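# Per-entry structural report
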Amino acid sequence: MELAGVADVAATSLVNVAQKRSYAIFAANDDAADAMRKAGLTLAGNLTDGLRSADLVVDTSPKGITARNAEMYRSLNVPFIVNGGEEHELTGHSFSALANYRETLSKQAVRVVSCNTTALCRVVTALKRSSVGIADIFATIIRRAADPVRTKSGPVNAIVPVLGGLSHHAPDVLTVIPDIPIASLAAVVSSTLSHVHMVRIQFKAPVDRDTLLRSFKSTPRIVLVSGERGIVDNAHVLELHRDLLRPRGDMWEVAIWEDSVYVEGNMAVLSYCVHMESIAVPENVDAIRAMLELERDPGISIRRTDEALGCYREDADYGSL
Ligand SMILES: NC(=O)c1ccc[n+]([C@@H]2O[C@H](COP(=O)([O-])OP(=O)(O)OC[C@H]3O[C@@H](n4cnc5c(N)ncnc54)[C@H](O)[C@@H]3O)[C@@H](O)[C@H]2O)c1
């Protein structure tokens, strides 16, 4: 894969990094072009120029902008990916690599689901791989207030629960895995590091803890961390990934606390950490491969992406995806 360029409207040093890394930069709209040039950016043209040299576009612009861009991509016949802030209906197909890669082959428009939904889809996929029927899943989602760079967002000192019923996260999982009995609640907290999910699963039959742990261990893009070994909270999970010299401190995997996995009869509970900024990155790469049919086998695509990023695990089972 080759990055044909980056389109944005921001005349900021963040976009300047793309220039320093020798990517072509396009103005996402004509109004932005002047300001971008004045800020010292060398533009390769506008977004439509960029689309001419691209086989596909990944749109990660903010909510509202993407829907307008989608009309343009359709009119120019360029396959496109939108991200989790958009509605399922914008593309009619929502994607999570472990769950529905095959159904994504040759699609022209795909939504890669949000960070929280991606994490839920991976965990549900791993639970399904344990081969014990699932009767019910309930997830409580503790959401970070904002990404670290969003210094104007809050709450600064509050916990904001979802009011008026269940949260939108579980219904979003159903856009990818339609046959799973799942519901969720959520609250936003004064933190910027990551999300944390706490999940309770009712199985149709008694389950044992080792079976669940084996399923998690064998599933790509899930890692186990342990409070007993010092990783007691999300700050320690992310510190671990910085120490592993991950670029930007990225953690593309869902990190399940091994010692949170507790089983009693048909019921299990577990908690895990979701790095919102990076978890959807490998999913976008796999969506590209599926849409352009560069690879028909999900396991091969997921493995190639993981190897390229640096999160391939020899003990994970890529063969049976
Ligand atoms: N931030 C996260 O943690 C996260 C996680 C998973 C998925 N997502 C999804 O990714 C998408 C982007 O989210 P984000 O938080 O990165 O958004 P953002 O607001 O940080 O914007 C992303 C980029 O879009 C640029 N932009 C602004 N207006 C534009 C325009 N008119 N045309 C082109 N580019 C424009 C911004 O300058 C910025 O570089 C959303 O769908 C979001 O739901 C975000």
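Remember, predicted model here, so these are calculated numbers, not experimental data.

Calculation criteria
- Residues numbered from 1 in each chain as written.
- Predicted model: local features only at pLDDT ≥ 70, side-chain atom pairs only at ≥ 80, totals over all residues.
- Heavy atoms only, no water.
- Axes fitted to C-alpha atoms, helices over the stretch in contact; angles between N-to-C directions.
- Helix = DSSP H or I, 4+ residues; strand = E, 2+ residues; numbered from the N terminus.
- Parallel < 35°, antiparallel > 145°, perpendicular 65-115°, else oblique.
- Left-handed = near helix turned anticlockwise from the far one by under 90°.
- Contact = heavy atoms within 4.5 Å.
- Nonpolar A, V, L, I, M, F, W, Y, C, P; charged D, E, K, R; others polar.
- Near = heavy atom within 4 Å.
- Polar contact = N/O pair within 3.5 Å; in protein donor to acceptor, adjacent residues only side chain to side chain.
- Areas by Shrake-Rupley, 256 points an atom, 1.4 Å probe, with all protein chains shown as cover.

For the rest of this paragraph, the subject is the packing of helix H10 (residues 281-291) against helix H11 (residues 298-309). At their nearest, the axes of H10 and H11 sit 10 Å apart, and the two run at 135° to each other. Looking at the two axes, H10 sits oblique to H11. Handedness of the H10/H11 crossing: right-handed. Contact with H10, carried on its side by Val281, Pro282, Val285, Asp286 and Arg289, involves Ser301, Ile302, Arg304, Thr305 and Leu309 of H11 and no other residues of that element. Split by residue class, the contact of H10 with H11 holds five nonpolar, two polar and three charged.

Right, let's get into the site of the ligand. In the vicinity of the ligand lie 16 residues, with Asp8, Thr60, Gly85, Asp147 and Arg150 positioned nearest. Arginine 144 has a polar side-chain atom sitting 3.2 Å from an oxygen atom of the ligand. At a separation of 2.6 Å, a nitrogen atom of the ligand approaches a polar side-chain atom of aspartate 147. Taking 820 Å² as the accessible area of the ligand by itself, protein coverage stands at 70%. In terms of residue class, the shell around the ligand is made up of seven nonpolar, five polar and four charged.

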